[in-house]
Amino acid sequence: MTTRRLDLRCYLVTSGTDRRTVEVAAAAAAAGAGVVQVRAKQLDTRALLALVATIADEVHRANAATTVLVDDRADVAFAAARTGAPVHGVHLGTDDLPADAARDMLGPDAVIGLTTGTVELARWADLQTDHIDYIGAGPFRRTPTKDSGREPLGLAGYPPIVAATGLPVVAIGDVTPDDVADLMSTGIAGVALVRAIMQAADPAAVVRRVLTGCPTPTPAY
């Protein structure tokens, strides 16, 4: 597991590939978002690498404490870090590179997250704590951003997942700032937001609202 201190309370997953995407990521980091995950599934490898490096540089300037991860692509995270970009790891889906292989590629200090959404997947992740630092669990409710094929968890779905693993759990799936306090009461470590931040007129204000709903950082190690 990583030695990096993770603040998972407000976790931004980006959408888009233009300059505004970069600016929103930086604004979220400046406002206190603990993690920015770069997600751009439509880009080819070189274009994704360029976007990751640009976002990582801007996020680092805004807040060096913010962790920058790449969605799915451990190879891109490795390549970006190799060029000196402040990229800290990868968030893997269940069909991506296995976590142990990603750990071998990225090294002991990298941050590695894994997508789950059922008690069974949380238990499976818990068997890989040498390689995984946290899990994402969703969807909280249905979202057009990503179709996982799983039924929404709702508030009631999170306590069993939290109980099934010793890993920190991040809720995702159409989460809004109004949901944060109730979600945090289920035992999760934080919430991941996409549209609520990326489409906001004032992304920094959204981040601050999220952090108000979960004021105490939960260590992720």
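Read on for a plain summary of the structure. (Residues numbered from 1 in each chain as written. Predicted model: local features only at pLDDT ≥ 70, side-chain atom pairs only at ≥ 80, totals over all residues. Heavy atoms only, no water.)

Once that is clear, we can look at the overall build of the chain. Along its length, the chain carries 9 helices and 8 strands. A compact globule built from 221 residues would reach a C-alpha radius of gyration of about 17 Å, and the chain, at 16 Å, matches this within 12%. C-alpha extents for the chain along the principal axes are approximately 40 × 40 × 30 Å. In the chain, 62% of the contacts between residues at least 6 apart in sequence involve partners at least 24 apart. Split by element, the accessible area of the chain, about 9500 Å² in all, is 52% carbon and sulfur. Across the chain, the 20 positively charged side chains and the 25 negatively charged ones have centroids separated by 4 Å. (Helix = DSSP H or I, 4+ residues; strand = E, 2+ residues; numbered from the N terminus. Rg over C-alpha atoms; globule rule 2.2 N^0.38 Å. Contact = heavy atoms within 4.5 Å. Areas by Shrake-Rupley, 256 points an atom, 1.4 Å probe, with all protein chains shown as cover. Lys, Arg positive; Asp, Glu negative; His and termini not counted. Charge placed at Lys NZ, Arg CZ, Asp CG, Glu CD.)

On to the state of the cysteines, then. Considering all chains together, one arrives at 0 disulfides under this definition. The thiol of Cys10 is not disulfide-bonded; the next cysteine sulfur, from Cys214, is found 7.2 Å away. Given a relative accessible area of 0%, Cys10 falls into the buried group. Accessibility expressed as a relative area gives 3% for Cys214, which makes it buried. (Disulfide = S-S within 2.5 Å. Buried < 20%, exposed > 50% of the residue type's maximum accessible area, 1.4 Å probe, protein only.)

Moving on to the packing of aromatic side chains. Applying the stated criterion across every chain yields a total of 2 aromatic pairs. Each ring, one from Phe140 and one from Tyr158, has its centre 6.4 Å from the other, and the planes form 45 degrees; the classification is tilted. Linking Phe140 in the loop between strand E6 (134-137) and helix H6 (158-164) with Tyr158 in helix H6, this pair joins segments that are 18 residues apart in sequence. In this structure Phe140 comes out as buried when scored by relative accessible area, which is 7%. (Phe/Tyr/Trp six-rings, centres within 6.5 Å; stacked < 30°, edge-to-face > 60°.)

What follows deals with the environment of Asp109. Residue placement: Asp109 occurs in the loop between helix H4 (99-106) and strand E5 (111-116). The sequence separation of Asp109 and Met1 amounts to 108 residues, and the corresponding C-alpha distance is 7.2 Å. When residues no more than four places from it in sequence are discounted, the contact partners of Asp109 are Thr2, Thr3 and Arg103.

What follows deals with helix H2 (residues 45-62). Its 18 residues give H2 an end-to-end C-alpha distance of 26 Å, which sits within 8% of 26 Å, the value for a rise of 1.5 Å per residue. Among all positions of H2, only Leu48, Leu51, Val52, Ile55, Ala56 and Val59 are buried. For H2, the angular spread of buried residues about the axis comes to 130 degrees, placing them on one side. Structural note: H2 exposes Arg46 and Arg61 on the side pointing more than 90 degrees away from its buried face. In this fold, the buried residues of H2 make contact with helix H1 (19-31), strand E2 (35-38), strand E3 (67-71) and helix H3 (74-82). (Expected span 1.5 Å × (residues − 1). Arc of directions from axis to C-beta.)

With respect to the helices, strands and loops of the structure, Thr67 is situated in strand E3. Taking relative accessible area as the criterion, Thr67 reaches 0% and is therefore assigned buried. In contact with Thr67, other than residues within four places in its own chain, are Arg4, Leu6, Gly34, Val35, Val36, His88 and Val111.

All right, on to H4 then. Buried residues of H4: Ala99, Ala102, Arg103 and Leu106, and no others. When H4 is viewed along its axis, its buried side chains cluster within an angular range of 100 degrees and face the same direction. Contacts made by the buried residues of H4 are with H3, strand E4 (89-92) and E5. In the segment just after H4, Gly107 is the residue with positive phi, at about 95 degrees.

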